[in-house]
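Tertiary structure, described
Read off the chains here:
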Amino acid sequence: SGVARGAVAGDYLRQLGATLGIVNAGVFFSVATLVMMLTRFFGGIYFDRFDKRVLSTAGFAIVAASYALLPFASRPALFFALALPLGLGWGVVMPLQAALMFDRSAPQARALNQNLLLATMQVGFFVGPAVAGVLLGAAGFTGLFAAAALATLIAALATAALRQADDRLSPGIDDDD
């Protein structure tokens, strides 16, 4: 999902906005980032109360839906409105993925695994825009954002599968034990 976010967060949102005739499309990312920060601030108490896998899967699904809808946001209000669920999804997914990595790691591997998680995300921010440029050239904005939605949906399915596997191994035990 880091590659998808890196691709979307780059210059491509501004370019999509310009293509759709939307002035100041860069404000989209500001709104999404503000919602992401508010989600983390106000949602943090819920991240430890509820199953991280379920919340993360839902967050990925929200992000995937937002990516899929972006190229069809023909009016500025629709375009900027999509910043709200996208920021919400980013605000849920990013801290919960880090928490899941920490929870699932053996104590002696937690620091290493957290560093690998961050390094992988940074690789996504670096590689994402390059991959997005190739996709944009080959498939246009609809193809680019469909690919971002698909990559994010795969992350949602992987997180949901993690829950299914955990439930088979330890029925009745959630990830917060």
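Before any of the text, the structure's been laid out above.
We now turn to the structure provided with this report. Source: prediction; values computed, not measured. (Residues numbered from 1 in each chain as written. Predicted model: local features only at pLDDT ≥ 70, side-chain atom pairs only at ≥ 80, totals over all residues. Heavy atoms only, no water.)

**Here's the deal with unusual backbone geometry**
Basically, it comes down to this: For every residue, the accessible area (1.4 Å probe, protein chains only) is compared with the maximum for its type, and the residue is labelled buried under 20%, exposed over 50%, or partly exposed between those bounds.
The phi dihedral of asparagine 24 falls on the positive side, at around 60 degrees, and the residue is not glycine. Judged by relative accessible area, which is 56%, asparagine 24 ranks as exposed.

**Observations concerning the nonpolar core**
Using the following cut-off: Put simply, a nonpolar core is a bunch of buried Ala, Val, Leu, Ile, Met, Phe, Trp, Tyr and Cys residues held in one set by side-chain atoms that sit within 4.5 Å of each other. Helical segments are the DSSP runs of H or I of at least four residues, strand segments are the runs of E of at least two, and each set is numbered from the N terminus.
Ranked by internal contacts, the top residues of the largest apolar core, which has 24 residues, are Phe28, Tyr67, Leu70, Phe79, Trp90, Leu144 and Phe145. By residue number, the principal contributor to this core is helix 6 (residues 110-169), which donates 7 residues.

**What to know about the packing of helix 3 (residues 52-69) against helix 6**
Definition in use: Think of each axis as a best-fit line through the C-alpha atoms, taken over the contacting stretch in the case of a helix, with angles from 0 to 180 degrees between the N-to-C directions. Should an angle fall under 35 degrees it is taken as roughly parallel, and over 145 as roughly antiparallel, whereas 65 to 115 is taken as roughly perpendicular and any remaining angle as oblique. Handedness of a crossing is defined here by the sense of rotation of the near helix relative to the far one, left-handed for an anticlockwise turn of less than a right angle and right-handed for a clockwise turn. Throughout, the ten residues Ala, Val, Leu, Ile, Met, Phe, Trp, Tyr, Cys and Pro are labelled nonpolar, Asp, Glu, Lys and Arg are labelled charged, and all others, Gly among them, are labelled polar.
Look at helix 3 against helix 6: their axes get within 8 Å of each other, and the N-to-C directions meet at 165 degrees. The orientation of helix 3 relative to helix 6 falls into the category roughly antiparallel. Here the hand of the crossing between helix 3 and helix 6 comes out left-handed. Class assignment of the residues belonging to the contact of helix 3 with helix 6 gives a composition of 15 nonpolar, 4 polar and 4 charged.

**Focus on helix 6**
The criterion, for reference: Multiplying 1.5 Å by the helix residue count minus one yields the expected span of that helix. The angle between axes fitted to the seven-residue stretch ending at a residue and the seven-residue stretch beginning at it gives the bend at that residue.
With 60 residues, helix 6 extends just 22 Å between its outermost C-alpha atoms, more than 12% less than the 88 Å of an ideal straight helix rising 1.5 Å per residue. Where helix 6 bends most, at alanine 139, the angle is about 130 degrees.

**A look at the environment of alanine 58**
With respect to the helices, strands and loops of the structure, alanine 58 is situated in helix 3. Between the alpha carbons of alanine 58 and alanine 156 there is a distance of 7.4 Å; along the sequence they are 98 residues apart.

**Re the pattern of salt bridges**
Defined as follows: The term salt bridge refers to a pairing of a side-chain nitrogen on Lys or Arg with a carboxyl oxygen on Asp or Glu at a separation within 4 Å.
Counting across every chain of the model gives 4 salt bridges. Ionic pairing is found between arginine 53 and aspartate 51, a salt bridge with its closest N-O pair at 2.6 Å. Connected via shared salt-bridge partners are Asp48, Lys52 and Asp103.

**So, the environment of glycine 43**
Note that glycine 43 resides in helix 2 (residues 27-47). Look at glycine 43 and you get buried, because its relative accessible area is 13%. Sequence separation of glycine 43 and valine 54 is 11 residues, and the distance between their C-alpha atoms is 14 Å.

**Focus on the environment of alanine 158**
The residue alanine 158 is located in helix 6 in this model. With relative accessibility at 48%, the residue alanine 158 sits in the partly exposed group. For the pair alanine 158 and alanine 148, spaced 10 residues apart in sequence, the C-alpha to C-alpha distance is 15 Å.

**Section: a nonpolar patch on the surface**
Applicable threshold: Exposure above 30% relative accessible area and no salt bridge define the residues that can form patches, which grow by joining like charges within 9 Å and nonpolar side chains of Val, Leu, Ile, Met, Phe, Trp and Tyr within 5 Å. We get accessible surface area from the Shrake-Rupley algorithm with a probe of 1.4 Å; when it comes to residues, only the shown protein chains can shield them.
Judged by side-chain polarity, Leu34, Met37, Leu38, Phe41 and Phe42 come together as a nonpolar surface patch covering roughly 570 Å² of accessible area. Topologically, phenylalanine 42 is positioned in helix 2. Judged by relative accessible area, which is 55%, phenylalanine 42 ranks as exposed.

**Side note on the packing of helix 5 (residues 83-104) against helix 6**
Spelled out, the test is: Every residue pair with non-hydrogen atoms within 4.5 Å of one another is taken to be in contact.
Two elements in contact, helix 5 and helix 6, have axes whose closest approach is 2 Å; the angle formed by their N-to-C orientations is 145 degrees. Handedness of the crossing formed by helix 5 with helix 6: left-handed. Contacts between helix 5 and helix 6 involve Met94, Gln97, Ala98, Leu100, Met101, Phe102, Asp103 and Arg104 from the first element and Arg110, Asn113, Gln114, Leu117, Met121, Thr159, Leu162 and Asp166 from the second. Counted by class, the contact of helix 5 with helix 6 contains 8 nonpolar, 4 polar and 4 charged residues.

**Examining the packing of aromatic side chains**
Ring pairs (aromatic) are described by centroid distance and by the angle formed between their planes. Worth spelling out the cut-off: Each Phe, Tyr or Trp ring (for Trp, its six-membered ring) is paired with any other whose centre lies within 6.5 Å, and the angle between the two planes then decides the class: stacked below 30 degrees, edge-to-face above 60, tilted in between. To sit over a ring, a charge needs its Lys NZ or Arg CZ within 6 Å of the ring centre and within 35 degrees of the ring normal.
Within the structure shown, the criterion is met by 6 aromatic pairs. Residues phenylalanine 28 and phenylalanine 79 carry aromatic rings whose centres are separated by 5.0 Å and whose planes lie at 45 degrees to one another, so their mutual orientation is tilted. Of this pair, phenylalanine 28 sits in helix 2 while phenylalanine 79 sits in helix 4 (residues 76-81), and the two are 51 residues apart along the sequence. Its relative accessible area of 0% is what places phenylalanine 28 among the buried residues. With centroids separated by 4.8 Å and ring planes inclined at 85 degrees, the aromatic side chains of phenylalanine 41 and phenylalanine 42 adopt a geometry described as edge-to-face. Judged on exposure class, the residue phenylalanine 41 and its partner phenylalanine 42 are both exposed. Through successive ring pairs, a cluster of aromatic residues spans Phe28, Phe79 and Phe80. Against the face of phenylalanine 102 rests arginine 110, its NZ or CZ located 4.3 Å from the ring centre.

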